[in-house]
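An overview of the molecular structure
Spelled out from the first residue to the last, the chains are:
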Amino acid sequence: MENDLNARLLELQSQIEMLKEKVETLESRKKDQLSIAIVSGDLDKILAAMIISVAAAAMDTSVKLFFSFWALSALRDKKKKVEGKDFISKMFGFMLPRGKNRLKLSKMNMCGMGPLMIRYLMKKQNVLSLEQMFREAGELGIEITVCEMSMNLMGFKPGEIIDYPNLRFAGAATFVADAGESSIQLFI
Amino acid sequence: MTAEELKNLDVTKSVDARGTACPGPLLEAKKAIGTIKSGDIMEVLSADEGTRVDIPKWCGKQGHEYLGTIEESGYYKILLRKK
């Protein structure tokens, strides 16, 4: 009887040890970090992503942004030109907004009147412009990862991407790994 | 703290963020808090309603002590003590 009890106790003890280890690894995996997969290339959505990111960084949360698909338009530098694109890439480049100042609104775009009005209102109400927001983001150490696959798909070249201090090119697995250890994950 | 007590606090640093909207004031507060010592009192002036709610949240996360808000005409004076 006593032996039985002792054996049971030992078993429970080892189970508790195992659980402790598990909890520790789980806890250490969740960092005070925000990961956002930004797929939309609309002015309003890029704006939302950047405002949340800057606010998080101001609260000392580390921020990792993954730019993919339509969002790549926001990272184009209108002053940079690259050579050696094929026909389809050139067409894509021509049809998509050239940089963050040319983005359209997801609603009420009205042939460009909407973005003009939003920019006017933002200025009037002292909201940081996208340009300023990217500058602040760079200073705050917000990391930008550009989806390599979307770059190739849309025919963008690294040479036409904006100058930004913490920018790298990587694949979806990088986002999955970053998001896995973040306590906040968003998709915009 | 009562409004009277808040008004009589010895403020080390004043951050005038009335010229920016969310998240501008938070950003300025973050930059300014690095320039003062632990225990010092900082005030953030903001015309932004959101910031009035955001700063206490920021204090909660960073461990600074949120002291209170004084409502001035057209803006808020948000007071906190650095951790």
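Counting from 1, residues in each chain are numbered in the order their sequence is written. Here the convention is simple: chains get letters from A, ligands get numbers from 1, in the order in which they are written. Whole-chain, interface and lining totals are the exception, using all residues; otherwise, since this is a predicted model, local features are given only for residues with pLDDT of at least 70 and side-chain atom pairs are given and counted only at 80 or more. Where side-chain values are given, they derive from all heavy atoms of the structure, hydrogens and water being excluded.

The next thing to look at is the pattern of salt bridges. All names here are of chain A. Each salt bridge in this description consists of a side-chain nitrogen of Lys or Arg and a carboxyl oxygen of Asp or Glu lying within 4 Å of one another. This model, assessed by the stated rule, comprises 18 salt bridges over all chains. Between Lys85 and Glu160 there is a salt bridge, and its shortest N-O distance comes to 2.9 Å. Of this pair, Lys85 sits in the loop between strand S2 (62-67) and helix H3 (87-95) while Glu160 sits in the loop between helix H6 (148-154) and strand S4 (167-170); the two residues are 75 residues apart in sequence, bridging distant segments of the chain. Across the pair, Glu160 and Lys85 agree in class, each one buried. Overlapping salt bridges, with partners in common, bring together Lys64, Glu143, Arg168 and Asp178 in one network. Counting from the N terminus, the helices are the DSSP runs of H or I reaching at least four residues and the strands are the DSSP runs of E reaching at least two. Throughout this description, buried means an accessible area under 20% of the type-specific maximum (1.4 Å probe, protein chains only), exposed means over 50%, and partly exposed covers the range between.

Turning our attention to the interface of chain B and chain A. Across the boundary between the two partners, chain B contributes 14 residues, which contact 16 residues of chain A. The term buried area denotes the loss of accessible surface (1.4 Å probe radius) that occurs when two parts are joined, taken as the sum for both partners. The junction of chain B with chain A conceals about 1,200 Å² of combined surface from both sides, 64% of it contributed by carbon and sulfur atoms. For the chain B face of the interface with chain A, the top three residues by lost area are B:Pro23, B:Leu27 and B:Lys61, together amounting to 39%. Joining chain B to chain A, the criterion identifies 3 salt bridges. Across the pair B:Lys61 and A:Asp32 runs a salt bridge whose closest N-O atoms are separated by 2.8 Å. Contacts described as polar in this section are N or O atom pairs within 3.5 Å, which, within protein, must combine one atom able to donate a hydrogen with one able to accept it, while residues neighboring in sequence count only if both atoms come from side chains. Taken together, the connections running from chain B to chain A amount to 9 residue pairs in polar contact (both at pLDDT 80 or more). Those elements giving two or more residues to the side of chain B that touches chain A turn out to be helix H2 (24-33) and helix H3 (49-62) of chain B. A per-class count over the side of chain B that touches chain A returns 6 nonpolar, 3 polar and 5 charged. By the convention used here, residues are in contact when the closest approach between their heavy atoms is within 4.5 Å. Each residue gets one label: Ala, Val, Leu, Ile, Met, Phe, Trp, Tyr, Cys and Pro are nonpolar, Asp, Glu, Lys and Arg are charged, and the others, such as Gly, are polar.

Further remarks concern the confidence of the model for chain A. Close reading of the predicted structure is inappropriate where its pLDDT is low. pLDDT measures the predictor's confidence residue by residue and takes values from 0 up to 100. When pLDDT is averaged along chain A, the result is 90; 99% of the residues meet or exceed 70. Looking at the elements of chain A, mean pLDDT is at its lowest for H3(A), recorded as 84, and at its highest for S2(A), recorded as 95.

Here the residue pair B:Cys22 and B:Pro23 is connected by a cis peptide bond, since its omega of 0° sits within 30 degrees of zero. Considering the arrangement of structural elements, one finds B:Pro23 in the loop between strand S1 (13-16) and H2. At A:Asn126, a position not held by glycine, the phi torsion is positive, near 60°. Classification of A:Asn126 as partly exposed rests on a relative accessible area of 34%.

The next point concerns the sheet that holds S2(A). Picture the strands of a sheet paired through backbone hydrogen bonds; they go either parallel or antiparallel. Residues and elements named next belong to chain A. Between any two strands, pairing holds if DSSP finds at least two bridges. The strand order S4-S3-S2-S1-S5 describes an open sheet built from 5 strands, whose pairing is parallel. At either margin of the open sheet sits one strand with a lone partner, and together these are S4 and strand S5 (182-187). This sheet shows a mean twist of 20° between the axes of neighbouring strands, independent of strand direction. Relative to strand S3 (residues 143-147), S2 runs parallel, the two being bridged by 4 bridges. Among the inter-strand pairings, Phe66 is bridged to a residue of S3, identified as Thr145. For helices, the axis comes from a line fit to the C-alpha atoms of the stretch in contact; other axes are also lines fit to C-alpha atoms, and the angle between any two N-to-C directions lies between 0 and 180 degrees.

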